[in-house]
Amino acid sequence: MVSTHNPPDSLDRPEAKTHDSAGRTLRDRGRRATSGEGRLAALLVSPTLLVLAVVVLCPTIVALKDSFYGTPGLDPKTGFVRDHDPFVGADNYTAIFGAAGDRFWNAFWNTTFLTVTTVTLETVLGIAMALIMHRALRGRAVVRASILVPWAIPTAVTGLLWRWIFSSEGVANALIGRQILWTTEGFHAKVAVIVADVWKTAPFIGLLVLAGLQVISKEVYEAARMDGAGALRQFWSITLPLVKPALLVAVLFRTLDALRMFDLPYILIGAQKTSVETLSMLAQDQAANVRFGPAAAYAVILFVYVFLIALAFVRLLGADVVPRRHKEVAA
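Now for a look at the structure at hand.

Cut-offs used in this document
- Residues numbered from 1 in each chain as written.
- Predicted model: local features only at pLDDT ≥ 70, side-chain atom pairs only at ≥ 80, totals over all residues.
- Heavy atoms only, no water.
- Helix = DSSP H or I, 4+ residues; strand = E, 2+ residues; numbered from the N terminus.
- Contact = heavy atoms within 4.5 Å.
- Salt bridge = Lys/Arg side-chain N within 4 Å of Asp/Glu carboxyl O.
- Buried < 20%, exposed > 50% of the residue type's maximum accessible area, 1.4 Å probe, protein only.
- Core = buried A, V, L, I, M, F, W, Y, C linked by side-chain atoms within 4.5 Å.
- Axes fitted to C-alpha atoms, helices over the stretch in contact; angles between N-to-C directions.
- Parallel < 35°, antiparallel > 145°, perpendicular 65-115°, else oblique.
- Left-handed = near helix turned anticlockwise from the far one by under 90°.
- Nonpolar A, V, L, I, M, F, W, Y, C, P; charged D, E, K, R; others polar.

Residue position: leucine 247 is located in helix H9 (residues 231-259). Along the chain, leucine 247 and leucine 210 lie 37 residues apart, while their C-alpha atoms are 9.5 Å from each other. Once residues lying within four places of it in the same chain are set aside, the contact partners of leucine 247 are Thr123, Ile127, Ile205, Val209 and Leu240.

Moving on: the pattern of salt bridges. What the rule picks out here adds up to 7 salt bridges. Across the pair arginine 254 and glutamate 122 runs a salt bridge whose closest N-O atoms are separated by 2.8 Å. With a gap of 132 residues between them, arginine 254 in helix H9 and glutamate 122 in helix H3 (residues 102-134) connect regions that are remote in the sequence. Residue classification places arginine 254 among the buried positions, given a relative accessible area of 3%. By relative accessible area, glutamate 122 is classed as buried at 0%.

Its place among the elements puts phenylalanine 166 in the loop between helix H5 (155-165) and helix H6 (171-176). Separated by 103 residues in sequence, phenylalanine 166 and isoleucine 269 place their C-alpha atoms 9.7 Å apart. The residues contacting phenylalanine 166, other than those within four sequence positions of it, are Ala172, Trp182, Ala192, Val195 and Leu268.

Attention shifts here to the environment of arginine 140. Mapped onto the elements, arginine 140 comes out in helix H4 (residues 140-152). The residues touching arginine 140, leaving out its near neighbours within four places in the chain, are Met133, His134 and Arg135.

This part takes up the nonpolar core. By size, the foremost hydrophobic cluster in this structure holds 40 residues, and its most contacted members are Phe104, Ile205, Val209, Leu213, Leu247, Leu279 and Tyr298. Every element with two or more residues in this core is listed here: H3, helix H7 (187-214), helix H8 (218-226), H9, helix H11 (279-288) and helix H12 (292-321). Considering every element that reaches this core, the biggest residue donor is H9, with 10 residues.

Further remarks concern the side chain of glutamine 234. With respect to the secondary-structure elements, glutamine 234 resides in helix H9. Non-local contacts of glutamine 234, meaning those with residues more than four positions away in its chain, are made with Tyr221, Ala224, Arg225, Ala229 and Thr239.

Turning to the packing of H7 against H9, a few remarks are in order. Between H7 and H9, whose axes approach to 8 Å, the crossing angle comes to 140°. When the axes of H7 and H9 are compared, the pair comes out oblique. For the pair H7 and H9, the sense of crossing is right-handed. Taken together, the residues of H9 that come into contact with H7 (itself represented by Asp197, Thr201, Phe204, Ile205, Leu208, Val209, Gly212 and Leu213) are Thr239, Val243, Ala246, Leu247, Ala250, Phe253 and Arg254. Broken down by class, the residue content of the contact of H7 with H9 amounts to 10 nonpolar, 3 polar and 2 charged.

So this is what it looks like as structure tokens:
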């Protein structure tokens, strides 16, 4: 007689129970390990977060508060001079959309143009420098040192050096055979700032890209040569993809630094020059003229601008900049 009793469920079998128990054990261990790593990471990062809160968060909050106040002057109601900054609300922010905002928008577009131009040129030249420093050639140490010297020079010294080069009787005019007043108003002032900034900071990108080149195995290039790949093909298919994370980090750092550009155009060209005035220079000029409210508003807008650029980098390129954490799946 054939039995009609259904076979026991697979979970009721001893081997299935053992397998499920082992999987739960592995998952529990993984959760505990992850939790322990998270607590250790929070403990190690807490001093840095504390310092950032003191030197970044607190000044930002104070600047935001000051941006809602105007400048001392005559009180239209009493006719007396105020002894405190009047509360003006969002007037410092809305003023940039009126007739008084022409200077702000000029500084905004100068900042954007100088950032895009200098970072693009520095990226191209930095990659070229990294490839030169990476090659096994005679006197490589001297080549590396000479390439990194501009980056090691303080920005103030760089501004004075290039101010002498771009003077009316300087090296730049002697080379081109024309008399150009580089440090006056005009597009040539932007060119002077771009040349000086690229000369100084392109080695920074080259240094970070060189670090990425150092970890690429030589066997990869040997295999590519055996497959018939030329130098250009190796660069596009091997070098560039493998150094992409280091390159993106370098471009991000340089972009954020260029958006805050102040000292180089200030020393090289001068203050209150429409051609090269940046947002940082505008905020400093307002503060120097005891207009702390508008200066704080410009500083807050610059902070938001830099924050949005950094956020866009992380959102769009975060998968390449920050390695993804692979989840362990128990069998």
